[in-house]
Amino acid sequence: MGKIISIVNQKGGVGKTTTAVNLAAAVGLQGKKVLLVDADPQGNSTSGYGISKKDGAPSSYEVLIGECRAEAAVVTTQCKNVSVLPSSMNLAAAEVDLIEIEHRESCLKTALAALREQFDYIFIDCPPSLGLITINSLNASDTVLVPIQCEYYALEGLSQLMASVRQVKRLYNPTLEIEGIVLTMFDGRLNLTQQVVGEIKKYFAGKLYKTAIPRAVRLSEAPSYGMPIQYYDKRSKGCDAYNQLGKEFLKRNRRA
């Protein structure tokens, strides 16, 4: 049965979607069947795989509110072993629509249940907020992966996020665990970077990935071409970092 991982950070601009897109591609290249669920109304994971967010095509919005089966919305990409459940602008209305639905916190969990047998890993790119869509994602997941930028405010955000994860675990999903923390936009030359790393190690020693994602121009360019970094520039340091992260992710999961 496939493992479901929410990629979450309520702070925008920390490399959350970049990690979702490129980690999914890296794991796919390692021979695992991967589904990337774009649960962010901005739809950047969708466009990151070159998928058009055209009106009328089923998306995570229809899946979430029960108008469409998840299988019918899945798009097979040209990237090895990777499929995407795309987002659309309609998803922005889901927070309001879900209020009317019974067991609204479990809609995504119910929808994805049928897909667990078809994929080894299902990654959910969550919105940069802690609203009903993120609660649905956490409730549907086995674990949580947190990309975190090496800056002071990131630590404050991390403590808020962990409090939310604990609350979802207590109320809805008692088996929810932390998959790991990934350092993004990493520059080891900066004193602040070292301070942030030290603080994270103090509280989350066993959860911090050894692989850190550097600041890289090619990583920023790849989405505009609708490709993960592995297919845009496989010689770039960003590609190397995400491939290493994919291997480390799979190694941890073999050990688990």
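Okay, so let's go over this structure.

## Quick word on the overall build of the protein
- Each helix and strand in the protein was counted, giving 12 helices and 7 strands.
- For a compact globule of 256 residues, the expected C-alpha radius of gyration is about 18 Å, and the protein comes in at 17 Å, within 12% of that figure.
- With respect to the principal axes defined by its C-alpha atoms, the protein has extents near 50 × 40 × 35 Å.
- Considering the protein as a whole, with its 256 residues, one finds that 55% of them fall into the buried category.

## With respect to the side chain of K16
- Tracing the backbone through its elements, the reader meets K16 in helix 1 (residues 16-29).
- Its relative accessible area of 6% is what places K16 among the buried residues.
- Polar contacts involving the side chain of K16 include one to the main-chain carbonyl oxygen of C126, which spans 2.5 Å.

## What about the sheet that holds strand 7 (residues 177-184)?
- Overall, mixed pairing links the 7 strands, which are arranged 3-4-2-5-1-6-7 in an open sheet. Each edge of the sheet is formed by a strand with only one pairing partner; in this case those strands are strand 3 (75-76) and strand 7.
- In the sheet, strand 2 (residues 34-38) pairs with strand 4 (residues 82-85) via 4 bridges, with the strands oriented parallel. Bridging across to strand 4, V37 finds its partner in L85.
- Contacts from helix 1 reach strand 1 (3-7), strand 2, strand 4, strand 5 (121-125), strand 6 (143-149) and strand 7, with the element oriented near 165° to strand 5.

## Points about the environment of P174
- Following the sequence through the fold, P174 ends up in the loop between helix 8 (152-171) and strand 7.
- P174 sits 35 residues away from N139 along the chain, and the two C-alpha atoms are 9.1 Å apart.

## Things to note about the environment of N136
- Considering the arrangement of structural elements, one finds N136 in helix 7 (residues 132-140).
- The class of N136 is buried, set by a relative accessible area of 0%.
- Residues N136 and R104 lie 32 residues apart in sequence; the distance between their C-alpha atoms is 7.8 Å.
- Within the structure, the side chain of N136 is placed 2.8 Å from the backbone oxygen of R104, a separation counted as a polar contact.

## Regarding the nonpolar core
- If you look at the biggest cluster of nonpolar residues, it comprises 47 residues, and the most contacted ones within it are L64, L85, L112, I124, V144 and I181.
- Sorting elements by how many residues they give to this core places helix 8 first, with 6 residues.
- Excluding anything up to four places from it in sequence, V144 contacts S6, V8, L138, V165, L176, E177, I178, E179 and G180.
- Counting residues in hydrophobic clusters, the runner-up holds 32 residues, among them I5, L23, A241 and Y242.

## A short note on the pairing of strand 7
- Within strand 7, 7 of the 8 residues are buried, leaving the element largely enclosed by the surrounding structure.
- What joins strand 6 to strand 7 is helix 8, and the crossover it makes is right-handed.

## Quick look at the pattern of salt bridges
- Scanning the entire structure with this criterion turns up 9 salt bridges.
- Measuring nitrogen to oxygen at the nearest pair gives 2.8 Å for the salt bridge that ties K3 to E179. Here K3 is found in strand 1, whereas its partner E179 is found in strand 7, with 176 residues between them in sequence.
- Note on E179: relative accessible area 8%, which makes it buried.
- Among the salt bridges present, the one from R69 reaches E71, with a minimum N-O distance of 3.2 Å.
- A cluster of three or more residues bridged by salt bridges with shared partners is formed by K16, D40 and D125.

About the thresholds
Residues numbered from 1 in each chain as written. Predicted model: local features only at pLDDT ≥ 70, side-chain atom pairs only at ≥ 80, totals over all residues. Heavy atoms only, no water. Helix = DSSP H or I, 4+ residues; strand = E, 2+ residues; numbered from the N terminus. Rg over C-alpha atoms; globule rule 2.2 N^0.38 Å. Buried < 20%, exposed > 50% of the residue type's maximum accessible area, 1.4 Å probe, protein only. Polar contact = N/O pair within 3.5 Å; in protein donor to acceptor, adjacent residues only side chain to side chain. Pairing = 2+ DSSP bridges. Contact = heavy atoms within 4.5 Å. Axes fitted to C-alpha atoms, helices over the stretch in contact; angles between N-to-C directions. Core = buried A, V, L, I, M, F, W, Y, C linked by side-chain atoms within 4.5 Å. Right-handed = clockwise from strand over helix to strand, strands pointing away. Salt bridge = Lys/Arg side-chain N within 4 Å of Asp/Glu carboxyl O.

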